[in-house]
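# Analysis of the macromolecular model
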There are 2 protein chains.
Amino acid sequence: QLFETLLLLNVMRMKRKTHNCLPEIILFALQIYLIIRRFSACRLERTPQGGEWLLSGIICINILMLGCALVSSSAFNVVAITPVHRQIFLITLLVLTMLWMLFYMVVTSREDRAVLFKDRHAGPVWLKAGLVLFGLLSFLMDIFKIATYVGYLHCDSPVKVAYPIVQAVFLFFQTYFLWFHSRDCVQLHTNLTRCGLTLTLSTNLVVWMAAVTEESIQRYDSCTEVLSSNYGAKKCTCSHMACETFKEAFYYLYPFNIEYSLFASAMTYIMWKNVGRIVDHHKHHKFNFYVKDVFVGPVAGLLLVVAGLVIFVLYKINILKEDKEKRNKALLIHFIMNIVIVSLMSLSTMIGCIIYRLDRREYVSDKNPTRSLDVGLLVASSLGQFIISYFSLVATVATGAQGYLNVLNLAWAVVLVVEIGLQNYFIIEGLHRQPINVMQANARAFQDHTEMANDVEGQISRYSISKKPSWKRRVLREVCAFLLLANIILWIMPAFGARPQFDHSAEIYFYNYTMWNAIVNIGLPFGIFYRMHAVASLFEVYLRD
Amino acid sequence: QLFETLLLLNVMRMKRKTHNCLPEIILFALQIYLIIRRFSACRLERTPQGGEWLLSGIICINILMLGCALVSSSAFNVVAITPVHRQIFLITLLVLTMLWMLFYMVVTSREDRAVLFKDRHAGPVWLKAGLVLFGLLSFLMDIFKIATYVGYLHCDSPVKVAYPIVQAVFLFFQTYFLWFHSRDCVQLHTNLTRCGLTLTLSTNLVVWMAAVTEESIQRYDSCTEVLSSNYGAKKCTCSHMACETFKEAFYYLYPFNIEYSLFASAMTYIMWKNVGRIVDHHKHHKFNFYVKDVFVGPVAGLLLVVAGLVIFVLYKINILKEDKEKRNKALLIHFIMNIVIVSLMSLSTMIGCIIYRLDRREYVSDKNPTRSLDVGLLVASSLGQFIISYFSLVATVATGAQGYLNVLNLAWAVVLVVEIGLQNYFIIEGLHRQPINVMQANARAFQDHTEMANDVEGQISRYSISKKPSWKRRVLREVCAFLLLANIILWIMPAFGARPQFDHSAEIYFYNYTMWNAIVNIGLPFGIFYRMHAVASLFEVYLRD
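- The name given to chain A in an unreviewed UniProt entry is Otopetrin 2, with Neolamprologus brichardi as the source organism.
- The heading Subcellular location (unreviewed entry) in the UniProt record of chain A holds the text "Cell membrane".
- In its Sequence similarities (unreviewed entry) section, the UniProt record describing chain A reads: "Belongs to the otopetrin family."

The following block contains the structure:
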């Protein structure tokens, strides 16, 4: 529409046959350039229209719903739908996804016009590293699973061996695929690629659901051990000795598989959003990373990480002991440590928010899909921790918070809610503020071009003249560095198996077992994802300030 | 950034002191006008930055999580958290929301600068009418509740009477508020208004959760009647005669309260999105509504509606009978009728999609937040029906689909999935196609301004010369009209209480009762909302074509 009008204007002007054509044409070209830049900045991506993303969306919804129905019915009705049915469904999905990935890697991505742009913000290092780490641990889980179920082959379905084999192959395929292609903005076969990506996305989500369910069932079985061993003895016994050990081992590795599926889903989703997108290469600001100005934050953070690791190891050792006294002591120390960490974080985040108020800046005004997605993921994944904390809170308050463990549990839930709320605010505000070097660049550009001073001068001198950062910026960086390290230790503890939610039994008694298990098993993986995502986002805030 | 550059250009040009200033200035003004128009079209709303929407979001999440925890624990643990606790929480929320609404209506909306713009797309007639209808029925429910619990006052908590009273007042308040203010784009006290709106939103969602839970518990109690009456007799008996009748009555009215909360949530969400938005008044195209060209679609649709109503009444009469034979017959007729309706809809949607392929058009390229929201709501609410159908499908297939009722149930689930997928495609594609009158207007404008013909001529003549719509457009309108009426009957049946999901017990046996109840009670209200929303969207597609 705009271009039509411009064309018309052009034609009209040509007709008028003005005398001095040259400056006008230059001016005109300049304006067109400006408009195009504005245009491309405004709609950085070609928004996928109508039917383009619709087909892939419909496929995704259908697979997800069918998967959800199958997984839940295999959990609730063990007679008609056995885990074997579920696994056959999963094998089909995994094979289909691998076929598409093979097609993509061999055909689509090889062609010249296929990937013209790369989205530099997609697939950041932390996501890729997490993917490989969790992928390796999931692979280990599959090995243990195969070893276990081989022992049952003489009396159980061979599908139980086939599924981990297919999944192990899939892990390699998908990790390779996402490592090399997660930044692609595909321009060719867009419809097929979109459908393939939603197939991958829904496969990962169904695998995630299945893993959550399997872990819950196994945990339940090990709680009601007598029943389970009776049932097992009657029906089918393992043919080799190491069976029980392997079973124990892969049970502890489920959380990593759950995390792997979440990571892969996030990356696939970003790829799906990027299909057909045209990336503007000019809008990148380089951020410098230097640590020399900060000291208190990193040191305090490192101390916290070391202390946290020590407590974590002590906790893991003591919590498995038979002695109830020792278990309670381990819980006590773990609760206190966590409350201390989270309180310190809340305090420093509050300081950061006060600094924001003192050091007001412009907001970044352009629309940035990656940032919106980042913020969305941050808020959405924080819901996981929120829901666990609130359920914990209600249970403890309702039972009157008797005993020091319950009081500590309550306090932990409250400070966690406060901390996550504050931290979300801090990160999102930080990501939306104008970065300091952009302000400097703008200010300098402005200075070069014009001499109309007065009003603006103050702002410019404040930022561009002083090379050494002001105390406000220094404090902000200290806060960022401290929060970053604190989030790392809060990530390590639940990710490597500290689950006070199950070791401290107040909530299990209050809600029934199934419900509390469902809440923790759905909420906690998101909580772990939240910590990793927060680390990455805090790093970005650190660089911008 | 752009304006800065323009300013600089302006200053530079002033310095150069060109000779013929006038034409250049005019040109310049024109370009600025163009850029501003482009600018305002591109960012129709001021996207709320960083902290602005964050606080309200945090409030919303916290209330929702706390509400979720309270509601579920009052359902799962009847000892520590009774319905009285939940109702006290709800009363607090309702009173707070009413206070804010009062503040908004008395203070904020009275000021001159408060509401400069109205979003004409927000709060459409169907949403408002639905709100009032469901509001009245919810009010009736509250009256019955009050009458019932007054009878228990001598031995039960007075909170049980207070809650429906407060809710009845709230219904009037909120319906009045949404009726008059749902289109406001608030510009004053934006932060407070955002927080107030998310408070309203989360209150409605918590009320929704509470209503779903209460209905499930009552349904469960009436299933295991002996246990419930024993418990009731031991503890507390009603002091007046009509108690049981009232109880029965308000039990049947729960679905309307659930719908009311969903409607109010949708409207509040749109208001929240509109806070601080600046609406462009120029971009409105008037659509004409005329029916004279269509005949087959409306007539077939009306026949379907009448037939559906007859079957629905027969179903409601027969399903309550003691005789199992008659109940099965009612189910049989209901299933067959639904399958016929849904198959016809699929068929006509397929015809519509083929016409889309034949009559290719440009897509509307501007970003429109209301349309995105419409599409999002459509897809999200369709998930409700999807999940019920898939769970039904898995249960029926797994049990081998024995007996004609199970076969029909299976067939119904399959055709529903197909129909909703196709209909979503049809509606979304229809909303994204360039409307016919815009194309005509564009074509005419183009014709007036330029004589460069040839290539474009074909397109223009195709649309603007023929006043009578082509056969393709006519068929599309027939399809829209038919689908619209069919969606109305599919809305009426579940909204007014046809629940074959519970009358046909295959799924209840397959999943356990609690789970199937949760699925239907969460999925069905969204399914009902989907039908109403589809009717509205189809009407828009009808007008555009």
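## Describing the overall build of chain A
- The helix and strand inventory of chain A stands at 19 helices and two strands.
- Partitioning the contacts of chain A with sequence separation of at least 6, the portion at a separation of at least 24 is 90%.
- When the accessible surface of chain A is totalled, it reaches about 25000 Å², and 68% of it is carbon and sulfur.

## A look at the state of the cysteines
- Applying the stated criterion across every chain yields a total of two disulfides over all chains.
- Two residues share a disulfide in this structure: A:Cys238 and A:Cys243, whose sulfurs sit 2.0 Å from each other. Because the sign of the S-S torsion sets the handedness, a value of about 85° for the bond joining A:Cys238 and A:Cys243 places this disulfide among the right-handed ones.
- Considering cysteine sulfurs only, A:Cys60 is the nearest to A:Cys68, which forms no disulfide, with 12 Å between them.
- B:Cys60 forms no disulfide, and the closest cysteine sulfur to it belongs to B:Cys195, at a distance of 11 Å.

## What to know about the packing of helix H4 (residues 83-106) of chain A against helix H6 (residues 159-181) of chain A
Residues and elements named next belong to chain A.
- Across the interface, H4 lies against H6 with an axial gap of 9 Å and an inter-helix angle of 30°. Viewed along their axes, H4 and H6 adopt a mutual orientation that is roughly parallel. The chirality of how H4 crosses H6 is left-handed.
- The residue makeup of the contact of H4 with H6, split by class, is 21 nonpolar, five polar and one charged.

## Side note on the packing of aromatic side chains
Residue and element names in this part refer to chain A.
- Under the defined criterion, the tally for this structure stands at 38 aromatic pairs over all chains.
- Note on Trp 208 and Phe 526: the rings are 5.7 Å apart at their centroids and 80° apart in plane angle, and the pair reads as edge-to-face. In this pair, Trp 208 sits in helix H7 (residues 190-223) while Phe 526 sits in helix H19 (residues 513-544), placing the two residues 318 residues apart along the sequence.
- On the basis of relative accessible area, Phe 526 is assigned to the partly exposed category, the value being 25%.

## A word on unusual backbone geometry
- One non-glycine residue, A:His189, lies in positive phi territory at about 50°.
- Secondary-structure assignment places A:His189 in the loop between strand S2 (184-186) and H7.

## Focus: the domain arrangement of chain A
Residue and element names in this part refer to chain A.
- For chain A, the domain assignment lists domain 1 (21-223 + 240-274) and domain 2 (295-445 + 470-544).
- Across the contact, 25 residues belong to domain 1 and 20 residues belong to domain 2.
- When residues of domain 1 are sorted by the area they lose upon contact with domain 2, Trp 126, Arg 219 and Glu 259 head the list and together hold 25% of the total.
- Our enumeration of links across domain 1 and domain 2 arrives at zero salt bridges.
- Scanning the region where domain 1 abuts domain 2 turns up zero residue pairs in polar contact (both at pLDDT 80 or more).
- Those elements giving two or more residues to the side of domain 1 that touches domain 2 turn out to be helix H5 (125-150), H7 and helix H9 (243-274).

## Let's talk about the pattern of salt bridges
- Summed over all chains, the structure comprises ten salt bridges over all chains.
- Between A:Arg531 and A:Glu419 there is a salt bridge whose closest N-O contact spans 3.3 Å. With A:Arg531 in helix H19 and A:Glu419 in helix H13 (residues 404-432), this pair connects stretches of sequence that are 112 residues apart.
- Here A:Arg531 falls in the buried class, since its relative accessible area comes to 5%.
- Under the relative-accessibility criterion, A:Glu419 is labelled buried at 0%.
- B:Lys160 serves as the salt-bridge partner of B:Asp156, at 3.3 Å between the closest nitrogen and oxygen.

## Here we look at the environment of B:Met101
Residue and element names in this part refer to chain B.
- Its place among the elements puts Met 101 in helix H4 (residues 83-106).
- For the pair Met 101 and Leu 303, spaced 202 residues apart in sequence, the C-alpha to C-alpha distance is 44 Å.
- The residues touching Met 101, leaving out its near neighbours within four places in the chain, are Phe 173, Gln 174, Phe 177 and Thr 200.

## What about the confidence of the model for chain A?
- Considering every residue of chain A, the mean pLDDT works out to 79; 78% of them sit at 70 or more.
- Interface confidence for the predicted complex, given as ipTM, is 0.71, next to a pTM of 0.75.

## Let's talk about the environment of A:Ile258
Residues and elements named next belong to chain A.
- Note that Ile 258 resides in helix H9.
- You can call Ile 258 buried: its relative accessible area is 2%.
- Placed 130 residues apart in sequence, Ile 258 and Ile 388 show a C-alpha to C-alpha distance of 17 Å.
- Excluding its chain neighbours within four sequence positions, the residues that come into contact with Ile 258 are Trp 208, Ala 211, Val 212, Glu 215 and Pro 525.

## Concerning the side chain of A:Thr97
All names here are of chain A.
- Tracing the backbone through its elements, the reader meets Thr 97 in helix H4.
- Looking at Thr 97, its side chain comes within polar contact range of the side chain of Thr 203, at 2.9 Å.
- If near-sequence neighbours (up to four positions away) are discounted, Thr 97 is found in contact with Phe 170, Leu 199, Thr 200 and Thr 203.

## Thoughts on the packing of helix H10 (residues 296-319) of chain B against helix H16 (residues 471-495) of chain B
All names here are of chain B.
- Contact geometry of H10 with H16 gives a least axis separation of 7 Å together with a crossing angle of 10°. If you check the angle between H10 and H16, you find them roughly parallel. Counted together, Val 296, Gly 297, Pro 298, Ala 300, Gly 301, Leu 302, Leu 304, Val 305, Gly 308, Leu 309 and Phe 312 of H10 and Glu 478, Ala 481, Phe 482, Leu 485, Ala 486, Ile 489, Ile 492 and Met 493 of H16 form the full contact between these two elements.
- Classifying every residue of the contact of H10 with H16 gives 15 nonpolar, three polar and one charged.

## Comments concerning a nonpolar patch on the surface
Residues and elements named next belong to chain A.
- Residues Leu 102, Phe 103, Val 106, Val 107 and Leu 192 make up a contiguous nonpolar surface patch of about 370 Å² in total accessible area.
- When you line up the elements, Leu 192 lands in helix H7.
- Here Leu 192 falls in the partly exposed class, since its relative accessible area comes to 41%.

Analysis parameters
Residues numbered from 1 in each chain as written. Chains lettered and ligands numbered in written order. Predicted model: local features only at pLDDT ≥ 70, side-chain atom pairs only at ≥ 80, totals over all residues. Heavy atoms only, no water. UniProt positions renumbered as here; feature names shortened; annotations may be inferred. Helix = DSSP H or I, 4+ residues; strand = E, 2+ residues; numbered from the N terminus. Contact = heavy atoms within 4.5 Å. Areas by Shrake-Rupley, 256 points an atom, 1.4 Å probe, with all protein chains shown as cover. Disulfide = S-S within 2.5 Å. Axes fitted to C-alpha atoms, helices over the stretch in contact; angles between N-to-C directions. Parallel < 35°, antiparallel > 145°, perpendicular 65-115°, else oblique. Left-handed = near helix turned anticlockwise from the far one by under 90°. Nonpolar A, V, L, I, M, F, W, Y, C, P; charged D, E, K, R; others polar. Phe/Tyr/Trp six-rings, centres within 6.5 Å; stacked < 30°, edge-to-face > 60°. Buried < 20%, exposed > 50% of the residue type's maximum accessible area, 1.4 Å probe, protein only. Domains from an automatic or database assignment. Buried area = accessible area lost by both parts, 1.4 Å probe. Salt bridge = Lys/Arg side-chain N within 4 Å of Asp/Glu carboxyl O. Polar contact = N/O pair within 3.5 Å; in protein donor to acceptor, adjacent residues only side chain to side chain. pLDDT = per-residue confidence, 0-100. Patch = residues over 30% accessible without salt bridge, like charges linked within 9 Å, V, L, I, M, F, W, Y side chains within 5 Å.

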